[in-house]
Every structure is written in C-alpha cells, then in structure tokens.
Amino acid sequence: MLEARSLTKRYGSHLALDNLNLIIKPGEIFALLGQNGAGKTTTINLFLGFIEPTSGSALINGIAVEEHPQEIKKHLAYIPETVTLYPNLTGLENLQYFSSLAGFNYSKQQLSDLLAHAGLQSQSFDQKLAGYSKGMRQKVGIAIAVAKKAKVLLLDEPTSGLDPKASNEFSEIIRSLAAEGTAILMATHDIFRAREVATSIGIMRQGNLVSTISAQDISANELEQLYLQTV
Amino acid sequence: MPPQLLIARNFRSNALKNRAVYLLILFIGILITYAVITSWSGFVKQNESTAHHQTETRHDWLDNPDKHPHRMAHYGNFAFRPKAPLSIFDSGMESFFGNTIFLEAHKQNSVNFSEAGFSTGMLRFGEISVAMVLQILLPLLLFFIGFTSIAAERENGTLKIILTQGISWKQLILGKIIGLAQIAMGVFVPVMLVTFVLWFFLQDGHITSDETVRLLLVFLSYGIYLLLFCVIAVLVSAASKTSKSALISLIGLWLMLTIVLPRASQALGSYLYPAPVKVTFLANIEKDVLKEGDSHNPDDIHYKALKDSLLTAYGVDSTSQLPFNYSGFVMAEGEKISARIYNSHFDNLLRVYDAQNSFLKATAFLDPFVAIKNLSMSLAGTDYRTYTDFQKQAEAYRYAMAQKMNELQIKYISNKKPGPDEKPVVIDQKHWEEVPEFKYVQPMVNTVFEHETTSFFALLFWIGLLYFMIEILSKELKVN
C-alpha cells in the first residue's frame, strides 16, 4: 500500500508538491495526470526515497520512506519513462543482473518465464538490448519489476513513446499485476491510457492534487475536458 | 554473491567490451615490455661493466711495484656503483647519477659517467620505466575506464533502477571500485610477476631478506596507489552529473597530480632554498682547503703549531730527528682537515637539498603520485639518498685509503731524504693489499622508513581521506 500524508516538497521558493494526501490500496492503479512540472515525478521520487520531503511523509506498506529508505526498497519496484539498461547485455542477462541485485537468483528457465510473462518474444531473450525497440525494453523493465515480487509498483511515464500496440500490451500487464494485489502509482501525460488502465485518476497542477476521480465514473471525453479545464 | 561483487563483475565485463580499453591496455603493455627489456639490458650491462672494471682496478692497484706510499695515494683507486636489483623496476634518478668516482689523496672528486651525460637531451623528457608506466599511465587508463562508472548509470537511467533494487550508494560505489580495481590488478599483477622473475634471476639466486622486503613493499605500495586512483575515478564519476564532466574533471585531476603539482612544488623548493652551482660548490671547498695550508709542504706555516708541539713532545730540535716520518704525519693531519671541510660542505649541500625536497614531500599529502614516486625510488635504491650514500661510502673509503698510505709512510719511510745518487724511498708492494677492495653496500630497508616517513604517512592519509569521502558521498549523493 502507498500512502502520502501531507507530503510537501519545496525547492527554495518553488513549491514542487503541496500537501499531498493519497492512499493507494493493493490492487489499485492510481494514475497521476498533469503537465510537466505539475509534481508527478516529484511524487514518485519521494516514494522512491530519491528526494526527501520538506514536510509530511511518504509511506510504503506503512513504513516511512525517509526513515527507512533501504527497507522500503524491498517492497517496491520502479519502471522509468525510458528503460535503457545495458545495451551490451541480452534481455536475459539484464534481467538476471537486476534481479540478482535485488537478491533473487533465478534459473535461466525462470528468467525466461518472467520475460515471457512480461510479453517479450522468446527469440529476443538472447539478443543484445542494443537491438531492442523501446517497447521491448519496457517489457524487460516490467520483468525486472515483477521479478522483485514487489507489492508496490511506481511507473513514471511508462508508455511515453510506445506505439499503440506496445502501449496496449503494457496496459494489459499492468492490469494483471494489479489483479495479483500490487498497488500501482503511474505518472502519465496519456489521458486515454490513464482512463483505460487506472482504477483512480488524480489531476495535478502546480504541485497540488486538484482532482481525484474514479476511472469507472468518467468517460474518456469527460476526462479530457476535465483535464483541460483543470490544468 | 554479495551485490558489490555483482556490480564489480558487471562493470568489469562492460568496460572490457570497449575496444578502446583493449587498445590502451595493449599500448601500456608494449611500453612496459619496452621498459622491462631496456632496464634489464641496462642492468646487465652496467653491472657486468662495473664488476669487470672493479676487478681490473683492483688488479692494477695490487700490481703496482714497490713505491712511495704517497705516490700510491695519488695513484688512487676507483669506486664503482652497481645498479640495485629493483632499478629494473624503477630507474628513478639513476640515469642522472654517475656511477664511478676516482678516489685519490687530498681530493674529493665528483661522480662521473652518468647515462644522461652520454645521452641526447631527449632523456630530459623522462625515461620509460615500469614504475613510470604504473605511476602515470595506468592511473590515466583507470580514469579513462572509470569516468563512466556511475555517471553513465545516471545518464542512462539505470542508476534509479539499481538503487530501487535495494542497492545502497555505498554498495554501488564499492562495487564499482572493486570492478575497476580488478581491471587495474589485471595489468599490475602480471607486471609485478615479470618484475619478480627478472629481479630473482638478475641476482643469481643471492636473494637477501632486505631486497625481498623492498620488493614486497613495492608490491604493497603500488597496490595501494592504484587502488587510490580507482577510488578517485569512481567518486568523481559518482559526483558528476554527466560522463563528459566526469572525464574532464578526471583528466584535469590527472594533469594536476602527475605534472603540475610535482613540478610546481619542486620549482618552489628550488626557488626558496637555492643550491649552489657545481662550480661554486667545488670552488668554495678548494678555497677553504687552501686556507688550511699545503700538507705536501712539511714547513708550511699552517702546520707550525703542530710541528712545534711534536718537537717539544719528543725533545728534539728538528723534524728529521723525530722517530717517524714527519711528512706523512702532516699529510695525515692535512687529510683530516680537507676531509672535514669537504664533509661539512657536502652536509650543507644535503641540507639544502633536504629543504628543497621537503616541499615536494609535503605535497604528497595533496598528491599520491608524489608519495609513490619518492617511496618507489627509495625502495628501488635509485633515489638521491642512495646516491649520496654511495658518495659517502666512497669518501669514507678514499679517506681510509689515503690515511692508510699516510700511516705506511709514517711507519716505514725514513725521515732522511735520499741523496741525489740514492734510490728513491719505497715500500714493498705487499702493503697494497692492506687497502681492502671497495664494495658498495646498499643501505638497509629501514633507512627507507626513516627518509620516506612523509611518503608512508601520505599514503595512509590518502587511504583515510578516500575512505572518509566514500562514507560522506554515500550519504550525500543524489540520483539526479
């Protein structure tokens, strides 16, 4: 579970995040919408422990991030906007390396299963990542996240630059992870993808969460209108 | 496997996939091979030549016919300086030092026949020795490989994923340091093995514990030195936003550490504590010796007090009535005086050099290159200290030889001058054996600890400083 309690981040005079209160339960996918600089990535970085809050707390499964920055890493996985990884290594080698860092030593078969589960074609497993498309690299990123068996997943613009098919496949995987009980926070610009995949949607503006809507209660067009009016 | 070792393995294998790294390692390998071959052949040539001439000189000395001992004192002898076994690793200042001194009565000649004296000015650009490659070029290679170690992870976005996997900054930094150190050891260990084999065989099996300790200390100190550069490379990379800025910082640092700081501190030391030029130094000694009179002349006014005291003590009217050779006695006194004057000037000169070098040595706390350079030369026996030690041993031998001849003159030569028709006064050639052969003995390794305390402490200081930096940066570093 993810929880933000009056979470605030200030850089000098600039208020990057203002008093955010948020709870994302297991199985929920919360999409944060907003323009650049609205505070989406700041929120994710605060949950990751990469920056410290000015005030308030970010909690992962009830553990305060700023107090136990290493401990909370066991409970979360992260997929950035662009999963670069190591171009000289194959998909399997990348997955093996990152899962080993997290303390999981999988067999080659298990690693292959993880990549297949993330939607990667088996013929790509032993190819160098340098030859992968962005969509394929994102799938390796998903496999790395899944391999950690984390119950919290943080996604920063994960479908940015993906073609519609890859983006759709990505959404399917995210939904299946949520169905397995993972709490997911996803920052995105993609209104339609947010509407399609999320259970709840938050719209941010200038560091404030100005609107929270249930994805089931709003159509794509209504969401677009609301977004344009809000930002 | 601990995460640090996983990170190390990943870094090492990625770095070694870069062809440029292989080319640089190949280039360094060629330089080291060249350095090994030239230093090995130089060692063999000089030591064979030294041994040959030492034997020849000894035979010439012993083959002298019966003659006046003072003529033998002026016939003189030669002191040859053999190369130290570890000079094959670090030639240090070897090429700028002479290796032969002509030793004669009354005069302290300077050392001749340096390599530099027989070379073109190109030698001023520095010799290629194994030590030079390890001190200067290997750190550059480590910087070249290490600049991307963490900065590239930051640029690629993999840094965030690594840290999200539960890896701490400290584990990441240590992992990268281990990976870079493994590459460094991949070059360093074979180089030291080759050095060991050459060192072993060049001594014809006469390995002393002193030489072994020196070799082990060389191994240890260079291992530490290279590790320091691995740490510096990784820390600069970790603190840089981009790989490009890390590379620029590291190259700037390399230039500062290996070129600017050592030369600047040396120049500053020479400026603040100017040493006399050689001609002035020798002229000053000559001037002071002349003030003390001419010991060849028994009636020299400077020795009047000595003469009067002897005549009184023995109750005689003239020196010819003394029960020993008075000329020999005066010359023994003259030798004492001239040796004291020379040693005093020489010690003053050494004090000036020490003052000059104190600047350079203190720089070791700012620059590990200075620490290893001084330490390495000292351990290899190719530093200025070892050279002056040779000069001192040669002077001690010269003094003993001259005084032995004076002693023989006092004892065996009559006070009566031979007449114009009489044979010159001589002594039997068997006495020449009483002067032992000169054999240079390298100072023990404990003198290295005495003279290079600053360098040892500087290396320890750098270990502490970089450990402290790892601790601080592990807490302060940011992902972006």
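The structure presented is a predicted model; accordingly, all values stated were derived computationally and were not measured.

**What about the environment of Thr 312 of chain B?**
Residue and element names in this part refer to chain B.
Line of reasoning, step 1. By the secondary structure assignment, Thr 312 is in helix H11 (residues 304-314).
Line of reasoning, step 2. You can call Thr 312 exposed: it has 9 C-beta atoms within 10 Å.
Line of reasoning, step 3. In this structure, the C-alpha to C-alpha distance between Thr 312 and Ile 470, residues 158 residues apart in sequence, is 79 Å.

**Things to note about the interface of chain A and chain B**
Line of reasoning, step 1. The partner chain B presents 17 residues to the 21 residues of chain A that form the contact.
Line of reasoning, step 2. Where the side of chain A that touches chain B is concerned, the elements lending two or more residues are strand E6 (76-79) and helix H2 (91-101) of chain A.
Line of reasoning, step 3. The biggest single contributor to the side of chain A that touches chain B is H2 of chain A, with four residues.
Line of reasoning, step 4. Of the residues in the side of chain A that touches chain B, the class split is 13 nonpolar, six polar and two charged.

**Considerations on the domain arrangement of chain A**
All names here are of chain A.
Line of reasoning, step 1. Each assigned domain of chain A is listed here: domain 1 (2-75 + 151-230) and domain 2 (86-149).
Line of reasoning, step 2. The partner domain 2 presents eight residues to the 10 residues of domain 1 that form the contact.
Line of reasoning, step 3. Counting residues per element, the side of domain 1 that touches domain 2 draws most heavily on helix H5 (residues 164-179), which supplies five residues.
Line of reasoning, step 4. When the residues that make up the side of domain 1 that touches domain 2 are grouped by side-chain class, the tally is seven nonpolar, one polar and two charged.

**What to know about the sheet that holds strand E2 (residues 100-104) of chain B**
Residues and elements named next belong to chain B.
Line of reasoning, step 1. Here we have three strands laid out as an open sheet, ordered E1-E2-E3, and antiparallel in their pairing. Strands with a single pairing partner mark the edges of an open sheet, and in this sheet they are strand E1 (77-80) and strand E3 (107-108).
Line of reasoning, step 2. Pairing geometry for E2 and E3, over two bridges, is antiparallel. Residue pairing for E3: Glu 104 is matched across the bridge by Lys 107.
Line of reasoning, step 3. The sheet strands contacting helix H14 (residues 384-412) are E1, E2 and E3, and the helix crosses E2 at an angle near 25 degrees.

**Here's the deal with the pairing of strand E3 (residues 29-33) of chain A**
All names here are of chain A.
Line of reasoning, step 1. Across the five residues that make up E3, a large majority, five, are buried.
Line of reasoning, step 2. Burial along E3 is two-sided: the face carrying Ile 29, Ala 31 and Leu 33 and the face carrying Phe 30 and Leu 32 are both buried.
Line of reasoning, step 3. As paired strands, E3 and strand E8 (residues 183-188) are joined by five bridges and run parallel to one another. Across the sheet, residue Phe 30 finds its bridge partner in E8, namely Leu 185.
Line of reasoning, step 4. For E3 and strand E9 (residues 200-205), the ladder comprises four bridges, and the chain directions are parallel. Across the sheet, residue Leu 33 finds its bridge partner in E9, namely Ile 203.

Rules and cut-offs
- Residues numbered from 1 in each chain as written.
- Chains lettered and ligands numbered in written order.
- Predicted model: local features only at pLDDT ≥ 70, side-chain atom pairs only at ≥ 80, totals over all residues.
- Helix = DSSP H or I, 4+ residues; strand = E, 2+ residues; numbered from the N terminus.
- Buried ≥ 20, exposed ≤ 12 C-beta atoms within 10 Å, placed from the backbone.
- Contact = placed C-beta atoms within 7 Å.
- Nonpolar A, V, L, I, M, F, W, Y, C, P; charged D, E, K, R; others polar.
- Domains from an automatic or database assignment.
- Pairing = 2+ DSSP bridges.
- Axes fitted to C-alpha atoms, helices over the stretch in contact; angles between N-to-C directions.

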